[in-house]
Amino acid sequence: MRPARACIDLDALRHNYRLARELGGHKAIAVVKADAYGHGAVRCARALEPEADGFGVACIEEALELREAGIRAPILLLEGFFEADELALIDRHDLWCVVQAQWQIDAIERARLARPLNVWLKLDTGMHRLGLAPDEYRDCLRRLQALPQVAEIVTMTHFARADELDSARTAEQLATFRRVVAGQGPGGSELTASVANSPALLGWPATRAQFARPGLMLYGASPFANPHPEADRLRPVMTLESQIIAVRDLPAGEPVGYGARFVTERPTRVGVVAIGYADGYPQFAPNGTPVWIDGRPGQVIGRVSMDMLTVDLDGHPGAGMGSRVELWGKHVRASDLTERGATSAYRLLCGLKRVPRTYLGE
Ligand SMILES: *Cc1c(COP(=O)(O)O)cnc(C)c1O
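This is a predicted model, so every value here is computed, not measured.

Conventions used here
Residues numbered from 1 in each chain as written. Predicted model: local features only at pLDDT ≥ 70, side-chain atom pairs only at ≥ 80, totals over all residues. Heavy atoms only, no water. Core = buried A, V, L, I, M, F, W, Y, C linked by side-chain atoms within 4.5 Å. Buried < 20%, exposed > 50% of the residue type's maximum accessible area, 1.4 Å probe, protein only. Helix = DSSP H or I, 4+ residues; strand = E, 2+ residues; numbered from the N terminus. Domains from an automatic or database assignment. Contact = heavy atoms within 4.5 Å. Near = heavy atom within 4 Å. Polar contact = N/O pair within 3.5 Å; in protein donor to acceptor, adjacent residues only side chain to side chain. Areas by Shrake-Rupley, 256 points an atom, 1.4 Å probe, with all protein chains shown as cover. Nonpolar A, V, L, I, M, F, W, Y, C, P; charged D, E, K, R; others polar. UniProt positions renumbered as here; feature names shortened; annotations may be inferred. Arc of directions from axis to C-beta. Phe/Tyr/Trp six-rings, centres within 6.5 Å; stacked < 30°, edge-to-face > 60°. Buried area = accessible area lost by both parts, 1.4 Å probe. Salt bridge = Lys/Arg side-chain N within 4 Å of Asp/Glu carboxyl O.

Draft legend 1. The nonpolar core, seen in detail. One finds Phe 55, Leu 66 and Tyr 281 to be the most contacted residues of the largest nonpolar core, which totals 117 residues. Examining the composition of this core, we find that seven residues originate from one element, helix 1 (residues 10–24), more than from any other. A domain split of this core shows at least three residues from each of domain 1 (10–220) and domain 2 (238–360). Once residues within four sequence positions are removed from consideration, Phe 55 is found in contact with Ile 29, Ala 30, Val 32, Ala 45, Leu 48, Glu 49, Leu 66, Ile 71, Ala 73, Pro 74, Ile 75 and Leu 76. Grouped together as the second largest cluster of nonpolar side chains are five residues, Val 256, Phe 262, Val 270 and Ile 301 included.

Draft legend 2. Examining the environment of Asp 232 more closely. Relative to the helices and strands, Asp 232 is located in the loop between strand 10 (211–212) and strand 11 (238–250). Asp 232 gets classed as exposed once you look at its relative accessible area, which sits at 53%. The spacing of Asp 232 and Ala 221 is eleven residues in sequence and 9.2 Å in space, taken between C-alpha atoms.

Draft legend 3. Up close: the site of the ligand. Neighbouring residues of the ligand: 13 residues in total, closest Lys 33, Tyr 37, Ser 198, Leu 216 and Tyr 346. Lys 33 places a side-chain nitrogen or oxygen 2.7 Å from an oxygen atom of the ligand. Here Gly 215 contributes a backbone N or O atom positioned 2.8 Å from an oxygen atom of the ligand. Protein contacts shield 93% of the accessible area of the ligand, which totals 390 Å² for the unbound molecule. Elements with a minimum of two residues in the shell around the ligand: helix 2 (33–38) and helix 9 (198–203). Partitioning the shell around the ligand into residue classes produces seven nonpolar, four polar and two charged.

Draft legend 4. Just the UniProt feature "binding site: substrate" (unreviewed entry) in the protein, in detail. Per the UniProt record, "binding site: substrate" (unreviewed entry) is annotated on Arg 129 and Met 306. Taken together, the annotated residues stretch across 178 residues and extend over separate regions, lying up to 34.2 Å apart by C-alpha. In this fold, Arg 129 is placed in the loop between strand 7 (117–122) and helix 7 (134–145). Filtering out sequence-adjacent residues up to four positions away, Arg 129 remains in contact with Asp 124 and His 158. Considering the arrangement of structural elements, one finds Met 306 in the loop between strand 16 (296–301) and strand 17 (309–312). Met 306 gets classed as partly exposed once you look at its relative accessible area, which sits at 42%. Apart from residues no more than four positions distant in its own chain, Met 306 is found in contact with Gly 276, Tyr 277, Ala 278, Asp 279 and Arg 354.

Draft legend 5. Region of interest: helix 6 (residues 102–110). The complete set of buried residues in helix 6 reads Gln 104, Ile 105, Ala 107 and Ile 108. Along the axis of helix 6, the buried residues cluster in a sector spanning 160 degrees; they form a single face. Summarising the contacts, the buried residues of helix 6 are in contact with helix 5 (87–92), strand 6 (96–99), strand 7, helix 7 and strand 8 (150–156).

Draft legend 6. Layout of the packing of aromatic side chains. Counting across every chain of the model gives seven aromatic pairs. An aromatic cluster is defined as three or more aromatic residues linked by ring pairs; in this entry it consists of Tyr 37, Tyr 219 and Tyr 346.

Draft legend 7. View of the domain arrangement of the protein. Domain parsing of the protein yields domain 1 (10–220) and domain 2 (238–360). In this structure, domain 1 and domain 2 have C-alpha centres spaced 38 Å apart. Counting residues at the interface gives 14 residues for domain 1, matched by eleven residues for domain 2. Summed over both sides, the interface between domain 1 and domain 2 buries roughly 1000 Å², with carbon and sulfur atoms accounting for 59% of that surface. Here domain 1 and domain 2 share one salt bridge between them. The salt bridge partner of Asp 35 is Arg 357, with a shortest N-O separation of 3.2 Å. Remark: the boundary between domain 1 and domain 2 carries four residue pairs in polar contact (both at pLDDT 80 or more). Top contributing element to the side of domain 1 that touches domain 2 by residue count: helix 2, with four residues. Considering only residue class, the side of domain 1 that touches domain 2 consists of seven nonpolar, four polar and three charged.

Structure (structure tokens):
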């Protein structure tokens, strides 16, 4: 059998969820969209269900996958519905629903629901992707508050640049949010709010609100380019590893792999590892990208191919056929790869393909 596999540490996932809740100070919706960022949505949701305040997904298909697997916890549709007729399923499966545009309010107004819907009304505070503009938000809130189809309303927004710790933008977005939603509950009370994603939870304590929405940090990857005291408390959940399946002893001056991107400068032992870009490893990882070979640091040389890549075995005299190679995980952090411009930690994790997953801590 091909030795490539991704090992998913569910104890680390639980640790990271608890850290998210501790940093947020209140409840946390565990975001498990995109198959839990490549970790397996059903297995991750099952592991977190005893303690999670709810789960966040991108669409009804992802929500139904969790319900069909027996997940009973609240599930939030982070983009709401795409078509009005999804409301029947939202109603039947008791889903929470983001509302981000007026047409969605019109659809709720026309819908006949068995039970009133929990709505998360999204304000666009400057991300300019989804959400109502500040000058239409309160009118929309009034409309929803008057509808018998609506139960609780949570106010929410989303940050565009919370991973940039020196940007003023997050504080500006937060100030806009606070100004628009202040005192908009019944009788001038405050509504429940949700603002923080992973970088906000880790880096911007002022964004604390009743519901946090951690995604990336649950999986133990840092959203920041540099080391950060809170992000350093995360434990990586996924370890992607494979084995050396061939070894070459090359003299100086020999090219390795497609395009001869790497040419040996001295006699070099080259290990061929059974993992490639069809598994989600970044195709354009440069020479020198870190790996971990039999428990010691090593590096990629040559261009990554579809099913294989090559590593330098100099300095690894004991390594050879069958040696284990970690591509990312406990030793090589996802963020170590992204520093080299290859990709982002988000993309790295949710880009995993073909590799079977095994689970620890179930
Ligand atoms: C994906 C998503 C999140 C989680 O973001 P991370 O940066 O992965 O923590 C939170 N809120 C919304 C609306 C999202 O779409």
